[in-house]
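# Geometric and topological summary
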Amino acid sequence: MTCQGERLLNTVRDLKPELIPEEKEPFTKEFSETLVKNVCQEILTSSSSETADKLINAIGECYRAHDVKHFVLRAMLPLLKSLKKEQEDNPLCENFINRAYSLLTLIELDIPGKNNKKKKSIPNELMDLDEGETTIYLVKNPPKSFVQSSLSYEKIADLFAAVWIVFLSFELDKSMYRSILKMMDKKIMPHFRNPLSLADFLIQSYNIGGSASLLSLSSLFILIQKCNLEYPDFFKRLYALLTPDMLYVKYRARLFYWTDIFLTSTHLPAYMVAAFAKRLSRLTLLATIDAQSFLIPLIGNLLVRHPSLNVMINRTTQETLESDPYDPEEEDPAKCNAMDSSLWEVRTLLAHWNPQVAKKAAFIKKKIPEKEWDISEDLETSYDDLMSDSISVLDDNVLTLSVDENMRNRLKIFAQN
């Protein structure tokens with residue numbers, strides 16, 4: 001038993017004494033499991049938000065006790081399944097989803113051998129010396145059979161996965177949807193014995209579009225690359241995501257980072273990669289300079305990986321928007337005629353007013369290098385950073401462009417505005 005356990009008991013005694021089991025001796029295995037189960041049920045179904053919030057905080061303080069995670073998950077699984085059935089006939093209490101989410105996200109599991117975080121100092125009397133590491137339990141003197149059979153990482157992880165699967169079947173609001181997707185690949189999926197059981201949720205998220213699609217990319221990458229998930233329309237939908245609107249969304253760095261990652265495969269057909277290269281080229285004409293700073297090298301990476309695309313930079317035919325055979329309205333990369341087009345948009349950027357953008361675009365008139373560009377740093381570069389650098393270049397007397405002082409001042413004014 002821990003001081004957190006005493007606080008939990010005192011909190012329950014003050015708020016809902018009827019939740020306390022009638023057993024005389026507190027914090028036996030049966031007492032602890034029944035207490036946690038009763039508290040979880042009260043949290044999920046209580047009509048009082050104040051009571052539920054206080055109980056959530058009390059349970060949260062107990063999560064350092066290893067067995068509390070087990071008890072909470074064992075309590076939540078049947079409760080969620082039961083409430084899911086009841087939802088069809090009777091609406092659940094207004095804050096049910098938020099409370100269940102709070103209980104779940106407070107649980108953090110450590111994969112043995114992977115997470116070696118330094119633990120806070122804990123009194124010696126709370127140490128489980130038999131296990132050879134610091135372990136706290138809510139149960140007083142827990143039986144070894146219980147510890148070994150029920151509290152192993154594998155057992156708790158399986159419970160964790162089962163509860164998440166049921167929880168994800170409820171209707172979630174957009175904010176919670178985004179929060180779950182942001183933590184999915186780091187805090188949820190690693191504890192699934194079979195990550196493919198999350199495929200339906202992630203594919204549904206990806207198909208929604210907008211920020212949900214962007215936030216699901218990292219988890220989908222794991223399923224496609226490591227779990228051999230078959231998703232025939234994946235690249236078609238990724239291609240559809242690359243619109244001018246995405247240049248201005250909060251999570252755009254994720255989109256273009258994962259676009260670069262997904263397109264690293266040299267087994268993709270040339271027409272597919274050409275479609276992405278062309279669409280990205282069009283975006284460079286509409287992008288701000290901070291977006292151009294990573295779009296240009298991303299296009300370059302596609303050319304490095306796929307030499308067959310060199311035809312798109314070697315064409316001598318002068319193309320315009322009107323004469324370009326590429327069809328930007330076509331949703332299917334196989335039918336957009338990208339291979340018949342060229343990357344004239346990137347060549348246009350050679351005359352860009354910003355010297356850094358023009359320098360990046362210069363690869364289009366040189367031999368394509370063998371080494372790819374690392375776009376990770378460019379993804380974090382802000383518009384203000386680039387503008388500051390541009391102004392400092394205009395202040396530099398060793399400017400490579402031949403301009404007089406009046407023109408230099410006019411350029412500085414334009415850049416500052």
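What this report covers is the structure whose coordinates are included nearby. (Residues numbered from 1 in each chain as written. Predicted model: local features only at pLDDT ≥ 70, side-chain atom pairs only at ≥ 80, totals over all residues. Heavy atoms only, no water.)

From N to C terminus, the chain includes 20 helices and 0 strands. Classification of the 417 residues of the chain by burial places 47% in the buried group. Residue pairs at least 24 apart in sequence account for 72% of intrachain contacts in the chain once pairs closer than 6 positions are excluded. Approximately 22,200 Å² of the chain is accessible, and the part contributed by carbon and sulfur atoms is 48%. (Helix = DSSP H or I, 4+ residues; strand = E, 2+ residues; numbered from the N terminus. Buried < 20%, exposed > 50% of the residue type's maximum accessible area, 1.4 Å probe, protein only. Contact = heavy atoms within 4.5 Å. Areas by Shrake-Rupley, 256 points an atom, 1.4 Å probe, with all protein chains shown as cover.)

Applying the stated criterion across every chain yields a total of 20 aromatic pairs. For the ring pair F234 and F235, a centre distance of 5.2 Å and an interplane angle of 85 degrees mean the geometry is edge-to-face. Judged on exposure class, the residue F234 and its partner F235 are both buried. Taken together, the ring pairs connect Y206, F221, Y231, F234, F235, Y239, Y257, W258, F262 and F276 into an aromatic cluster. One residue, K84, lies across the ring of F170, its end atom 4.8 Å from the ring centre. Cation over ring: R279 sits above Y239, and NZ or CZ is 4.0 Å from the ring centre. (Phe/Tyr/Trp six-rings, centres within 6.5 Å; stacked < 30°, edge-to-face > 60°. Lys NZ or Arg CZ within 6 Å of the ring centre and 35° of its normal.)

The next thing to look at is the packing of helix 13 (residues 270-286) against helix 14 (residues 289-305). Relative orientation and spacing of two packed helices are given, respectively, by the angle between their axes and the distance between those axes. The contact between helix 13 and helix 14 brings their axes to 10 Å, and the two run at 160 degrees. What the angle tells us is that helix 13 and helix 14 run roughly antiparallel. Seen along the crossing, helix 13 lies across helix 14 with a hand that is left-handed. Where helix 13 abuts helix 14, its residues V273, F276, A277, L280, S281, L283 and T284 lie against Q292, L295, I296, L298, I299 and L302. Of the residues assigned to the contact of helix 13 with helix 14, the class counts are 10 nonpolar, 3 polar and no charged. (Axes fitted to C-alpha atoms, helices over the stretch in contact; angles between N-to-C directions. Parallel < 35°, antiparallel > 145°, perpendicular 65-115°, else oblique. Left-handed = near helix turned anticlockwise from the far one by under 90°. Nonpolar A, V, L, I, M, F, W, Y, C, P; charged D, E, K, R; others polar.)

We now examine the side chain of T51. Considering the arrangement of structural elements, one finds T51 in helix 3 (residues 49-61). Residue T51 is classed as buried on the basis of its relative accessible area of 13%. Setting aside residues up to four positions removed in sequence, T51 forms contacts with L15, K16, E42 and S46.

This part is about the pattern of salt bridges. In the structure shown here, the tally under the stated rule is 15 salt bridges. We note a salt bridge from K16 to E18, for which the minimum N-O separation is 3.6 Å. Given the relative accessible area of 24%, K16 is considered partly exposed. A salt bridge links D290 to R252, with the nearest nitrogen and oxygen atoms 2.7 Å apart. Placement of D290 in helix 14 and of R252 in helix 12 (residues 252-262) is noted, with a sequence separation of 38 residues between them. Residues joined in a network through salt bridges with shared partners are K278, R282, D324 and E345. (Salt bridge = Lys/Arg side-chain N within 4 Å of Asp/Glu carboxyl O.)

Moving on, we come to the side chain of R279. With respect to the element layout, R279 can be found in helix 13. In this structure the side chain of R279 is engaged in a polar contact, spanning 2.9 Å, whose partner is the backbone oxygen of Y239. Not counting residues up to four positions away in its chain, the partners in contact with R279 are Y239, A240, L242, Y326, P328 and E330. (Polar contact = N/O pair within 3.5 Å; in protein donor to acceptor, adjacent residues only side chain to side chain.)

Our next topic: the nonpolar core. If you look at the biggest cluster of nonpolar residues, it comprises 134 residues, and the most contacted ones within it are F167, I180, L238 and F256. Here F167 is in contact with L80, I97, A100, Y101, L104, L172, M176 and I180, once residues within four sequence places are set aside. (Core = buried A, V, L, I, M, F, W, Y, C linked by side-chain atoms within 4.5 Å.)

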